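# Structural features, examined
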Amino acid sequence: MIPVPSQVRIWLAVGRTDMRRGMQGLALQVQETLGRDPHAGDLYVFRGRGGNLIKIIWHDGLGMSLYAKRLEKGRFLWPSPADGTVSISPAQLAYMLDGIDWRNPRHTFRPERAG
């Protein structure tokens, strides 16, 4: 789990993002499309076209970090591009990373059996 301080804001980059981008490309996208400073200490979450991969960039004051998570089954629930810029809480991010609908917490995929 990402150690998210309580005062950090979490921003979702609505729409699709080219997931071939690395840290610098995503930071540039934050500046150009969201109009925000990627070095301000906020978390920025991006989702690819397939919906099963997200990347998160975060500048903690010492350096930029890049986190990635891919779901084996299911998709990350994401707002539509018409919603504009969306801010979520750290608890909602935790739900999202677990594959749970962060708007209405419940599992989007449940394994039928172990192994």
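Residues numbered from 1 in each chain as written. Predicted model: local features only at pLDDT ≥ 70, side-chain atom pairs only at ≥ 80, totals over all residues. Heavy atoms only, no water.

### Structural notes on the overall build of the protein
As a reminder of what qualifies: Where helices and strands are cited, they refer to DSSP runs of H or I of at least four residues and of E of at least two residues respectively, numbered from the N terminus. In this setup the radius of gyration rests on C-alpha atoms only. A globule is expected at 2.2 Å times the number of residues raised to 0.38. Each residue is assigned to one of three classes by its accessible area relative to the maximum for its type, calculated with a 1.4 Å probe on protein chains only: buried under 20%, partly exposed between the two thresholds, exposed over 50%. The protein chains shown are the only cover counted for residues, whose accessible areas, like all others here, come from Shrake-Rupley with a 1.4 Å probe. Charge assignment: positive for Lys and Arg, negative for Asp and Glu; neither His nor the chain ends contribute. Lysine's charge is taken at NZ, arginine's at CZ, aspartate's at CG and glutamate's at CD.
Along the backbone of the protein there are two helices and five strands. Its C-alpha radius of gyration of 14 Å places the protein within 12% of the 13 Å reference for a compact globule of 115 residues. In terms of principal-axis extent, the alpha carbons of the protein reach across some 45 × 25 × 25 Å. When burial is assessed residue by residue, the protein has 39% of its 115 residues classed as buried. Accessible area of the protein: about 7,100 Å², with a carbon and sulfur share of 47%. One finds the centroid of the 16 positive side-chain charges in the protein at a distance of 8 Å from the centroid of its 10 negative side-chain charges.

### Here we look at the pairing of strand β2 (residues 43-47)
Condition: Between any two strands, pairing holds if DSSP finds at least two bridges. Note on handedness: a crossover is taken as right-handed if, strands pointing away from the viewer, the path from the first strand over the helix to the second is clockwise.
The element β2 is extensively covered by neighbouring structure, given that five of its five residues are classed as buried. Neither face of β2 is left uncovered, since the one carrying L43, V45 and R47 and the one carrying Y44 and F46 both have all their residues buried. Where strand β1 (residues 10-12) meets β2, three bridges bridge the pair, whose relative direction is parallel. What sits directly across from L12, in β2, is V45. Crossover connection from β1 via helix α1 (residues 23-34) to parallel β2: handedness right-handed. Hairpin geometry of β2 and strand β3 (residues 53-59) is characterised by an intervening segment of five residues between the two adjacent antiparallel strands and by a positive phi of about 85° at G51.

### Structural notes on the packing of aromatic side chains
The test is simple: Each Phe, Tyr or Trp ring (for Trp, its six-membered ring) is paired with any other whose centre lies within 6.5 Å, and the angle between the two planes then decides the class: stacked below 30 degrees, edge-to-face above 60, tilted in between. The rule is short: NZ of Lys or CZ of Arg within 6 Å of the ring centre and within 35 degrees of the ring normal puts a charge over the ring.
This structure, assessed with the given rule, holds zero aromatic pairs. Taking the ring centre of W11 as reference, the NZ or CZ of R36 above it sits at 3.7 Å.

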